[in-house]
Amino acid sequence: MNRIGVVGTGSMGSILLEAWLTANALSPCQLIISNRTPAKAEQLAEKYPGLVIARNNTEIARSASILVLCVKPLEYSLMLQQLSSALTEDHLLITITSPIRLEQLEAQVPCPVARVVPSITNAAKSGVSLCEFGSRITDEHRERIFSLFSAISHPIEVTEGFLRVSSDLTSCGPAFVSYILQQMIEDAVKETGISHDAATYLVSQMLIGMGELLQQELFTLPSLQQRVCVPGGITGEGLSVLQGAIPGVFAEVFRRTHAKFAEDLEHVQSQWSSKVPD
């Protein structure tokens, strides 16, 4: 078994697959995929000749040594039932789903288990991948996982206690920042009459340039703010509005995401105990 299997080619599964292929980290013939909607898998196979489509999850487990599980939390019990007959101690399971505890997976499978939480930024071979390792993971497994995800991201190890907030920052963060910037654009259009296209271009280029400043370590976030915000200047006047409105907003964001995570975890636990055999 020398292939990597991607179980589920929805939004994030397809992002990972295409990132590996366009980064030349993997060739299409090294990958085998499955999806409950065959048409989605077929579209990827047409785009990347040589990509293999498994007829079912049992076949993907028999054909690949590393399985990247990209299905929704409530689909795990059925997926594991489909994989179970073909899994061996030589497999490596990598889940990208947060509300599935690694010890639960380990209790159901004979092989090592890890979690890697990706980000949409991985599509640009950038951003962070959050890695959490189960008790059976060896140094060799760690090296394989870090090597695979280093091609499309900066993988870092996190503990379970900080996985949720780390995911909020790296995986949910792009959506949060996008929303804030969209509001900036919309209000600029309403207040000044600048065209939406022009405002969008200016904000997008600002964000790209700011990323470069941080990437090149020319500034930190605090020092960048201090450099732009001259005492008594126009930036400071605008910043004072944000200072009156923003503090506490993300505390509530994190409370909401943590509460939703707890709710999802409870639903998964309930399904897991009722459908997955010991």
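Residues numbered from 1 in each chain as written. Predicted model: local features only at pLDDT ≥ 70, side-chain atom pairs only at ≥ 80, totals over all residues. Heavy atoms only, no water.

Caption draft 1: Representation of helix H4 (residues 76-83) in the model. Within the span of H4, buried status applies to Tyr 76, Ser 77, Met 79, Leu 80 and Leu 83. Buried positions in H4, seen along its axis, are confined to an arc of 160 degrees and lie on one side of it. (Buried < 20%, exposed > 50% of the residue type's maximum accessible area, 1.4 Å probe, protein only. Helix = DSSP H or I, 4+ residues; strand = E, 2+ residues; numbered from the N terminus. Arc of directions from axis to C-beta.)

Caption draft 2: Seen up close, the sheet that holds strand E4 (residues 64-69). Sheet architecture is open: eight strands sit in the order E3-E2-E1-E4-E5-E6-E7-E8, paired in mixed fashion. Only two strands of the sheet have a single neighbouring strand rather than two, namely strand E3 (52-53) and strand E8 (154-157). The sheet contact formed by strand E1 (residues 3-7) and E4 spans five bridges and is parallel. Bridge assignment links Val 7 to a residue of E4, and that residue is Leu 69. Where helix H7 (residues 163-192) meets the sheet, it contacts strand E6 (113-117) and strand E7 (128-133), and its direction lies at approximately 160 degrees from that of E7. (Pairing = 2+ DSSP bridges. Contact = heavy atoms within 4.5 Å. Axes fitted to C-alpha atoms, helices over the stretch in contact; angles between N-to-C directions.)

Caption draft 3: Geometry of the pairing of strand E2 (residues 31-34). Of the two faces of E2, the one lined by Leu 31 and Ile 33 and the one lined by Ile 32 and Ser 34 are each fully buried. Where E1 meets E2, four bridges bridge the pair, whose relative direction is parallel. For Val 6, the partnering residue across the bridge sits in E2 and is Ile 33. Following the chain from E1 across helix H1 (residues 11-22) to the adjacent parallel E2, one finds a crossover that is right-handed. Relative to E3, E2 is paired through two bridges, and the arrangement is parallel. Along E3, the bridge assignment pairs Ile 32 with Val 52. On the question of chirality, the crossover connecting E2 to the parallel E3 by way of helix H2 (residues 38-47) is right-handed. (Right-handed = clockwise from strand over helix to strand, strands pointing away.)

Caption draft 4: Spatial organisation of the packing of H7 against helix H8 (residues 196-215). Two elements in contact, H7 and H8, have axes separated by 9 Å at closest approach and are oriented at 140 degrees. Judged by the inter-axis angle, H7 sits oblique to H8. For the pair H7 and H8, the sense of crossing is right-handed. On the side of H7, the interface is formed by Leu 181, Ile 185, Glu 186 and Val 189, while H8 contributes His 196, Ala 199, Thr 200, Val 203, Met 206 and Leu 207. Residue composition of the contact of H7 with H8, by class: seven nonpolar, two polar and one charged. (Parallel < 35°, antiparallel > 145°, perpendicular 65-115°, else oblique. Left-handed = near helix turned anticlockwise from the far one by under 90°. Nonpolar A, V, L, I, M, F, W, Y, C, P; charged D, E, K, R; others polar.)

Caption draft 5: Representation of the pattern of salt bridges. By the definition in use, this model includes eleven salt bridges. For the salt bridge of Arg 255 with Glu 252, the shortest nitrogen-to-oxygen distance reads 3.0 Å. Of this pair, Arg 255 and Glu 252 both sit in helix H11 (residues 249-275), three residues apart, which is roughly one turn of that helix. (Salt bridge = Lys/Arg side-chain N within 4 Å of Asp/Glu carboxyl O.)

Caption draft 6: Here's a closer look at the environment of Leu 214. Checked against the element boundaries, Leu 214 lands in helix H8. In this structure, the C-alpha to C-alpha distance between Leu 214 and Thr 159, residues 55 residues apart in sequence, is 26 Å. Setting aside residues up to four positions removed in sequence, Leu 214 forms contacts with Phe 219, Thr 220 and Leu 221.

Caption draft 7: Structural detail: the pairing of E8. Note that E7 and E8 share four bridges and pair parallel. Residue pairing across strands places Ser 129 opposite Pro 155, the latter belonging to E8. Taking the sense of rotation as the criterion, the β-α-β connection linking E7, helix H6 (residues 139-150) and E8 turns out right-handed.

Caption draft 8: Inspection of H6 at higher detail. For H6, spanning twelve residues, the distance from its first C-alpha to its last is 16 Å, which sits close to the expected 16 Å at 1.5 Å a residue. Looking at the packing, one finds that the buried side of H6 touches E1, H1, strand E5 (92-95), E6, E7 and E8. (Expected span 1.5 Å × (residues − 1).)

Caption draft 9: Spotlight on a nonpolar patch on the surface. Nonpolar side chains collect at one region of the surface, where Tyr 179, Ile 180, Leu 242, Ile 246, Val 249 and Phe 250 lie side by side and expose about 510 Å² of accessible area between them. Looking at the nonpolar patch, the elements that each hand over two or more residues are H7 and H11. Inspection of the secondary structure assignment puts Ile 246 in the loop between helix H10 (234-245) and H11. Residue Ile 246 is classed as partly exposed on the basis of its relative accessible area of 38%. (Patch = residues over 30% accessible without salt bridge, like charges linked within 9 Å, V, L, I, M, F, W, Y side chains within 5 Å. Areas by Shrake-Rupley, 256 points an atom, 1.4 Å probe, with all protein chains shown as cover.)

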